[in-house]
Amino acid sequence: MSAAAPALLPGEIVLDHASRAFSIRADRGGTLKELLLGKRTGGPAPIQALADVTLHIPPGQTVGIVGRNGAGKSSTLKVLAGIVPLDSGRVAIGGQLVSLLELGAGFGRDFSGRENILLGGALHGLDKQQIEAKLEDIIAFSELGDFIDVPVKTYSSGMYVRLGFAIAAHLDADVLLIDEVLAVGDEAFQRKCEARIAGQVEGGATLVLVSHDAALIERTCERVVVLDGGHVVFDGPSAAGMEYYHRQMNTPTAASVAETEGP
Amino acid sequence: MAELARYRYLFEQMVRRELRQKYQGSALGVAWYVVNPLVLMGAYYLMFGVIFTATKHPDYPLFLMVGLVVWIFFSQSLMSAAPSLLDQGALIRKAPFPRELIPGAVVSVQAVTFVFVLALVALVTIPLRGSLSPSLLLLPVILVALYVFVMGLCLAVAVLHAHFRDVAPILSAALLPWFFLSPIFFAPGDITDKATARFAMEWLNPIAPFIEAIRRVLYDGHAPSLAALAYVLVAAALALLLGRALFGRMSAELAVIV
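This is a predicted model, so every value here is computed, not measured.

Calculation notes
- Residues numbered from 1 in each chain as written.
- Chains lettered and ligands numbered in written order.
- Predicted model: local features only at pLDDT ≥ 70, side-chain atom pairs only at ≥ 80, totals over all residues.
- Helix = DSSP H or I, 4+ residues; strand = E, 2+ residues; numbered from the N terminus.
- Buried ≥ 20, exposed ≤ 12 C-beta atoms within 10 Å, placed from the backbone.
- Contact = placed C-beta atoms within 7 Å.
- Pairing = 2+ DSSP bridges.
- Axes fitted to C-alpha atoms, helices over the stretch in contact; angles between N-to-C directions.
- Expected span 1.5 Å × (residues − 1).
- Arc of directions from axis to C-beta.
- Core = buried A, V, L, I, M, F, W, Y, C linked by C-beta atoms within 7 Å.

### Section: the overall build of chain A
And step 1. Each helix and strand counted, chain A has nine helices and nine strands in total.
And step 2. Taken over 263 residues, chain A has a buried fraction of 42%.
And step 3. Long-range contacts, defined as pairs at least 24 residues apart, comprise 73% of the intrachain contacts of chain A with a sequence gap of at least 6.

### A word on the interface of chain B and chain A
And step 1. With 26 residues of chain B in contact, the opposing surface of chain A contributes 25 residues.
And step 2. Elements supplying a minimum of two residues to the side of chain B that touches chain A: α2 (8-23), α6 (89-92), α8 (138-163) and α14 (254-257) of chain B.
And step 3. If one sorts the elements of the side of chain B that touches chain A by residue count, α2(B) sits on top with six residues.

### Some remarks on the sheet that holds strand β3 (residues 62-67) of chain A
Residues and elements named next belong to chain A.
And step 1. Spatially, the six strands line up as an open sheet ordered β5-β6-β7-β3-β8-β9, and their pairing is mixed. Strands at the two margins of the open sheet, each flanked by one partner only, are β5 (98-102) and β9 (231-237). Each strand of the sheet is rotated relative to its neighbour by a mean of 15°, with strand direction disregarded.
And step 2. By the bridge criterion, five bridges tie β5 to strand β6 (residues 175-179) in an arrangement that is parallel.

### Overview of the environment of Leu46(B)
And step 1. For Leu46(B), the position within the fold is in helix α3 (residues 32-51).
And step 2. In this structure, the C-alpha to C-alpha distance between Leu46(B) and Leu62(B), residues 16 residues apart in sequence, is 13 Å.

### Remarks on helix α12 (residues 208-220) of chain B
And step 1. Within α12(B), 12 of the 13 residues are buried, which leaves the element mostly enclosed by the surrounding structure.
And step 2. Among the structural elements, α4 (60-81), α7 (101-128), α8, α11 (195-204) and α13 (226-250) of chain B are those in contact with the buried residues of α12(B).

### Remarks on unusual backbone geometry
Residues and elements named next belong to chain A.
And step 1. A positive phi angle, close to 55°, is found at Asp52, a residue other than glycine.
And step 2. For Asp52, the position within the fold is in strand β2 (residues 47-57).
And step 3. Judged by the 15 C-beta atoms lying within 10 Å of it, Asp52 falls in the partly exposed class.

### As for the environment of Leu50(A)
Residue and element names in this part refer to chain A.
And step 1. Inspection of the secondary structure assignment puts Leu50 in strand β2.
And step 2. Taking the C-beta count within 10 Å as the criterion, Leu50 has 27 such neighbours and is therefore assigned buried.
And step 3. On a C-alpha basis, the gap between Leu50 and His231 in space is 6.5 Å, while along the polypeptide they are 181 residues apart.
And step 4. Setting aside residues no more than four positions away along its own chain, Leu50 makes contact with Ala18, Ser19, Arg20, Gly72, Ser75, Thr76, Val79 and Gly230.

### Section: helix α8 (residues 238-249) of chain A
Residues and elements named next belong to chain A.
And step 1. The end-to-end C-alpha distance of α8, which contains 12 residues, comes to 16 Å, matching closely the 16 Å that a straight helix rising 1.5 Å per residue would cover.
And step 2. Listing the buried residues of α8 in full gives Ser238, Gly241, Met242, Tyr245 and Gln248. In a view along the axis of α8, the buried residues occupy a sector of 120°, so they form one face of it. More than 90 degrees from the buried face of α8, the exposed residues found are Ala239, Ala240, His246 and Arg247.
And step 3. Here the buried face of α8 lies against β3, α7 (214-220), β8 (223-228) and β9.

### Observations regarding the nonpolar core
And step 1. Within the largest apolar cluster, 148 residues are counted, with the highest numbers of intra-cluster contacts made by Leu80(A), Leu177(A), Val69(B), Val150(B), Cys154(B), Val157(B) and Phe210(B).
And step 2. Among the elements that make up this core, the one with the highest residue count is α8(B) (17 residues).
And step 3. Dropping the residues within four chain positions of it, Cys154(B) is found in contact with Ser77(B), Leu78(B), Ala81(B), Pro103(B) and Val107(B).

Here it is in structure tokens:
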């Protein structure tokens, strides 16, 4: 990803003038007709999800990303996870393993929880021994009990998230990216997750957390980045950052009135 | 390549998923992978071996079978590789693993079936028609070349279909005439005496040299010509280069478009 860049420490994150736009056409795949007839025509203009974002996150830092819906938070995580490439600018991550946890993230629905753990580890490049060494811990953490051998399509959404979190938090990633999932579990499980994250961070992992839960961000993160329309509008200590965010939320724009109601 | 080696276990998992997802919940399960080609072969045998019997090839069913298994591997691989990236969109959006693994796993599952069915056919064909000559040693070389050739094409087809959803329908439309133009139920010499037509049939259709080389070893019991051997090796290398180049150029946006 970063050919000529200086070597980064494990867990270090660099975004350098990063920009990324998305087409919001309903049919994102093209057709040959469009290819043959040249440029695509019509449709709404692309959305700028990241606009010239520059961030440097040292290893072991805990960063909360907040902002209105559509501000570019999830896109930032996708870029950091290496799943979505940039249009321009540079992204570089130190270390081997970046673990992204998001709602409804892809599990084989016909496969058991146990098989999904193996697959989840394999997706991140772990081998059989490495995953099997963590298997029991993950199962224990997920509290799924006998459900671990049942196809995940039978899971409740809470169970689904518990499994997802248990996997993501046990991969021993250098960078842990979490997109708005902690709110789903019950309170006891949330506390357990926070403790697990704290343990990972103590072990040197970098945490980037996207959430609308102000209390969670203030508890978990030392630094807050506020995004708006793909731009970084605030970057600093979390207390000041959340203050900025609340001020922003209380001055609604026409477009944000409906959005901030949220799902 | 080192990157791919790191994901060896993922590849194993994907092959297993591929096998399970296809025929999960069906009584015969994985056995369908073998039953389907056998049924298809039976149908073609009825058509070209019993109904249209104008042939000069002795033990014609065996002649037909050898060509058919190769064709079935070729066409099934292309048809199942084309939608494979779209089918596995959930995984693509989850982690930045090498995306080649997805069509790679699909083709490899087809290849395992192919080798199994080909072994069944060979068990009958070699004693009846072929011979246990040293030319049989060339068979693994040709089979590996075929695997690489098909893999290259499948990489291209999969990534093209992810971008342009017309690719799979075009492919399935093209495969039907392609089947009848390929030397499967005939040898090029059977249907034309014209040198140019024969040349075109033998060399311009890239799957033809593979079919003929394998049939030559298994059914005729001879080594294929040097030209045919060189052709399959070069075709394999070119297909893989093309497939990898295209895949490399077009795979970055997969998480966005699938």
